[in-house]
Amino acid sequence: MIREQELAGLDIVTDGQMYFDDYGGSINLALHVHYDLPGCHYTNQRYLTEDLVPVFNAELKELVAAGATFIQLEDLGAWLPIMSGDKDDARYVVDVMNRTFDGVDAKLAWHCCLGAAYGSSNQSLWGGQLKQIMQPLYDVAVDQFVLGFSLRDMADVDVLRTLPEDKEVAAGVIDVRTTEVESASARCSTTCRLSGCTSPPTAACACCRG
């Protein structure tokens, strides 16, 4: 992989994706803690999430104070109702996210993904379940949802027909893990499918892991 990048003339090479914190967001971060370890201060995910919410809220406000006008927060906590099997968790997610964004004077986007990090072109971790979680989450006070549609031949894209008029979507349409170079016509076709699912068109295409 490194040699291929060198032959392609890249100035900066990497052994995989550029590294980043994939635990962002108070709900998602709290899901990655082993609460049964000796000496752990917290006994469950929700206690930790409650302490993290004001921390994230303060950091978002600091970004605005520094001049940020558009902020995207990644928190895969959107999928908590699917992971727990409890539909009532959607109300909890909405409450946490709204308190996280409270008073943040910027255009706000929430990256929910679609499980593409663990999938393939034919399947994804939560494929086919997007419709179950999206409508309750429309009550979150964000301007834009960032979702992935590159897998399963965009089988989940029809959920965008339920998108409220005051919400936008940034749609991941490129599978960045494949070695196949997709044609411009294929990407154009994908964009047209996205536009046909929103009225008025509120979809922006993005190169993300979805």
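Please read these numbers as outputs of a predicted model, since none were measured by experiment.

A. Representation of the pattern of salt bridges in the model. Applying the stated criterion across every chain, the model contains six salt bridges. Close ionic contact of aspartate 88 with arginine 91 constitutes a salt bridge, the shortest N to O distance being 3.3 Å. The exposed category is assigned to arginine 91, whose relative accessible area is 59%. Measuring nitrogen to oxygen at the nearest pair gives 2.9 Å for the salt bridge that ties lysine 107 to glutamate 168. Taken together, the residues lysine 107 in strand 2 (residues 107-111) and glutamate 168 in strand 4 (residues 168-172) connect sequence positions 61 residues apart. Look at lysine 107 and you get partly exposed, because its relative accessible area is 33%. Glutamate 168 sits in the partly exposed class, given a relative accessible area of 28%. Counted as one network, the salt bridges with shared partners bring together Glu50, Asp95 and Arg99.

B. Examining the environment of aspartate 88 more closely. Secondary-structure assignment places aspartate 88 in the loop between helix 4 (80-84) and helix 5 (89-101). Residues aspartate 88 and proline 136, spaced 48 residues apart in sequence, show a C-alpha to C-alpha distance of 9.8 Å.

C. A look at the nonpolar core. Trp110, Phe145, Leu147, Phe149 and Leu160 are the most contacted members of the largest nonpolar core, which totals 47 residues. Broken down by element, this core gets its largest block of residues, six residues, from helix 5.

D. Spotlight on the environment of arginine 99. The topology assignment puts arginine 99 in helix 5. As for arginine 99 and valine 140, which are separated by 41 residues in sequence, their C-alpha atoms are 9.5 Å apart. When sequence neighbours within four positions are dropped, the list of residues in contact with arginine 99 reads Glu50, Val53 and Asn57.

E. Helix 6 (residues 130-137), seen in detail. For helix 6, the set of buried residues is Leu130, Ile133, Met134 and Leu137. Viewed along the axis of helix 6, the buried residues span an arc of 105 degrees, placing them on a single side of the element. Along helix 6, exposed side chains directed more than 90 degrees from the buried face belong to Lys131 and Gln132. Buried positions along helix 6 lie against helix 4, helix 5, strand 2 and strand 3 (144-148).

Reading the values: the criteria
Residues numbered from 1 in each chain as written. Predicted model: local features only at pLDDT ≥ 70, side-chain atom pairs only at ≥ 80, totals over all residues. Heavy atoms only, no water. Salt bridge = Lys/Arg side-chain N within 4 Å of Asp/Glu carboxyl O. Buried < 20%, exposed > 50% of the residue type's maximum accessible area, 1.4 Å probe, protein only. Helix = DSSP H or I, 4+ residues; strand = E, 2+ residues; numbered from the N terminus. Core = buried A, V, L, I, M, F, W, Y, C linked by side-chain atoms within 4.5 Å. Contact = heavy atoms within 4.5 Å. Arc of directions from axis to C-beta.

Any link to function would need more than the numbers given here.
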